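Structural features, examined
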Amino acid sequence: MIADIWTVTTKEWREYVILRGSARGGLLGLLVFAGFIGVVMPVELGASWVDTPIAIVSAFWLPLVLVLSVIGDSFAGERERHTLETLLATRLPDRAILLGKMAAAVGYGWALTLIATLLGLLAVNLVHGHGRLLLFRPLAGLGIAEVSLLGAALTAGAGGLVSLRSATVREAQQRLSIAVMGVFFGLLIGLQAMPRAWLNRLGEAILGAGEGPLLLVVGLLLGLVDVALLVALAIRFRRARLILD
Amino acid sequence: MIPMGDVGEYDSTMGDVAIRAEHLSREFHGVRAVDDLSFEVPVGIVFGFLGPNGSGKTTTIRLLLGLLEPSVGEAAVLGHDVRREAEAIRLRAGALLEYPGLYDRLTAEANLDFYGRIWHMPANDRRTRIRALLTQFGLWERRDERIGGWSRGMRQKLGIARALMHRPALVFLDEPTAGLDPIAAAALVEDLEALVAGEGVTIFLTTHNLHEAEKLCRRVGVIRSGHLLAVGTTEDLVRSTSGSRVEVIGRGFCERTLHLLEARPEVAGLGLRNGSLWIDLRDDAAVAPLVSLMVGAGVAIEEVRRERASLEEAFISLMEREV
């Protein structure tokens, strides 16, 4: 099973790189992106980038953007290019196809986020270090690894569900964009509608909880949602249904 | 013994059975796309599954590959039940479906390598097999090209190579020569013949090209609107649907003679073509009484020869008969 998942994952990664035009063009695009997020932003923020939770927040939304750019292609792209049925007609088990595609998207988003974060650390040290080593606190480092992984999995799970039932990549991306906007505006409106006292209490609870417990709660919540999405994907992944769709 | 339709009975001396379908049916929203199919495909032959567009050929392949579950009936492919052992079927079978199923962004070599890895072929074996297949299909020199810009014919060839990559015991080929030029199509037919002869592979082939089917297939099945109209050897099919045709070359075919012939019970049809007379006989009837009749009516006969109808004629006749 592991070998099958790896086969699907590596094929997906090859396609991701080439998706951006060519291997060289794709690499250049990634370098520009990683350069901006990993160099320009941290250099602008200086030492506060390692002292405050900004890097953790950045490590949450960055994989969202990265995974969103590729996840629509996972099933809808195969369907659109007429490769899905052939893939389903192979010996690969359902779980290997599903997990291989999810692992590819999560690995892509997570790895690039970690690379960008390390680049940022290097850049901050070079520009603002002045002879001392600027590092994340261990808990902050752990938080970056945690939220970037779980954030990537969250987007991959939700995007996979949308892609599974979309006829084309464009349709999948449109649905995903609408969903992201819905979540964003929903949160914004929800927070605004919340009574001031509740908001204050929530703020105090977050600030008073301490970094460790907060990361644990966030990790548990995201982890639960990720598992729920993966289970939903496994339930909805039916070869006959995918072919007839 | 499974009922074999209108034509011929399965010859049990043909060896093991690669595919056995019994009353196989599949319904979509109350409509039966495949209705009560029963047939057998012996191991090591090319079985042609013929029928017009939308007749149920692709649905049958999907059922046999375990991609769709039958509504009614059963089927066993390479000894595995299509409902319970679909993965085991797909492990030993290869398929070229409606589309070649290739990744445009990958090179020809990377495409085949991916499918080789799916079947857990060792790296050395993959390299050897890729070289052999690409050379066989004349694509080796272009192995490093991404296939996005390739012609339909080249993609089709690579699609067939892909289906054969893991040396399957049974290959489903859905219109494999579609999009190929006549030379490439003829070469492919030869390759498939060699494959069956050399490796003992069983091929389940759907095609519209009846000339190709006649050349390749030892047995054929004819399907229309989900119903199996006939199944048997090509000779059986031709004999049972077309009877036999006789061409009479000579002079003096007048209206009266033609009416006399038409009135005979053994004559299914007749007509004049380039000055000679053709007669379709029912049930392989004897020609001699008709020759006597024509001579008596004043026809000067130079030559009488029996013609064998082609599979295409038999197919058309079968379609018309069943309308």
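A short tour of the structure in this document, coming up. (Residues numbered from 1 in each chain as written. Chains lettered and ligands numbered in written order. Predicted model: local features only at pLDDT ≥ 70, side-chain atom pairs only at ≥ 80, totals over all residues.)

1. A look at the overall build of chain A
- Counting its secondary structure elements, chain A contains twelve helices and zero strands.
- Sequence-ordered secondary structure for chain A, helices as α and strands as β, is α-α-α-α-α-α-α-α-α-α-α-α.
- In terms of overall size, chain A behaves like a compact globule, its C-alpha atoms giving a radius of gyration of 20 Å where 245 residues would be expected to give roughly 18 Å.
- Across its three principal directions, the C-alpha atoms of chain A cover 55 × 45 × 30 Å.
- The buried share among the 245 residues of chain A stands at 39%.
- Sequence-distant contacts in chain A: of pairs separated by 6 or more residues, those separated by 24 or more amount to 87%. (Helix = DSSP H or I, 4+ residues; strand = E, 2+ residues; numbered from the N terminus. Rg over C-alpha atoms; globule rule 2.2 N^0.38 Å. Buried ≥ 20, exposed ≤ 12 C-beta atoms within 10 Å, placed from the backbone. Contact = placed C-beta atoms within 7 Å.)

2. Describing the sheet that holds strand β6 (residues 93-96) of chain B
Residues and elements named next belong to chain B.
- Taken in spatial order, the six strands line up as β6-β7-β8-β3-β9-β10 in an open sheet, and their pairing is mixed. Bordering the open sheet on either side are β6 and β10 (227-233), each of which pairs with just one other strand. In this sheet, adjacent strand axes meet at a mean angle of 15° when their direction is disregarded.
- Alignment of β6 against strand β7 (residues 170-174), held across four bridges, turns out to be parallel. Bridge pairing in β7 places Ala95 opposite Phe172.
- Against the sheet, helix α1 (residues 57-64) engages β3 (46-50), β7, β8 (202-207) and β9 (219-224), with an angle of about 155° to β7. (Pairing = 2+ DSSP bridges. Axes fitted to C-alpha atoms, helices over the stretch in contact; angles between N-to-C directions.)

3. Here we look at the pairing of strand β14 (residues 300-307) of chain B
All names here are of chain B.
- Of all the eight residues making up β14, zero are buried; the element is thus mostly uncovered.
- For strand β11 (residues 244-251) and β14, the ladder comprises seven bridges, and the chain directions are antiparallel. Paired with Arg251 across the strands is Ala300, a residue of β14.

4. Description of the interface of chain A and chain B
- Counting residues at the interface gives 21 residues for chain A and 23 residues for chain B.
- Broken down by secondary-structure element, the contributors of at least two residues to the side of chain A that touches chain B are α1 (2-19), α6 (84-88) and α12 (239-244) of chain A.
- Per element, the largest residue contribution to the side of chain A that touches chain B is seven residues, and it comes from α1(A).
- By residue class, the composition of the side of chain A that touches chain B is nine nonpolar, five polar and seven charged. (Nonpolar A, V, L, I, M, F, W, Y, C, P; charged D, E, K, R; others polar.)

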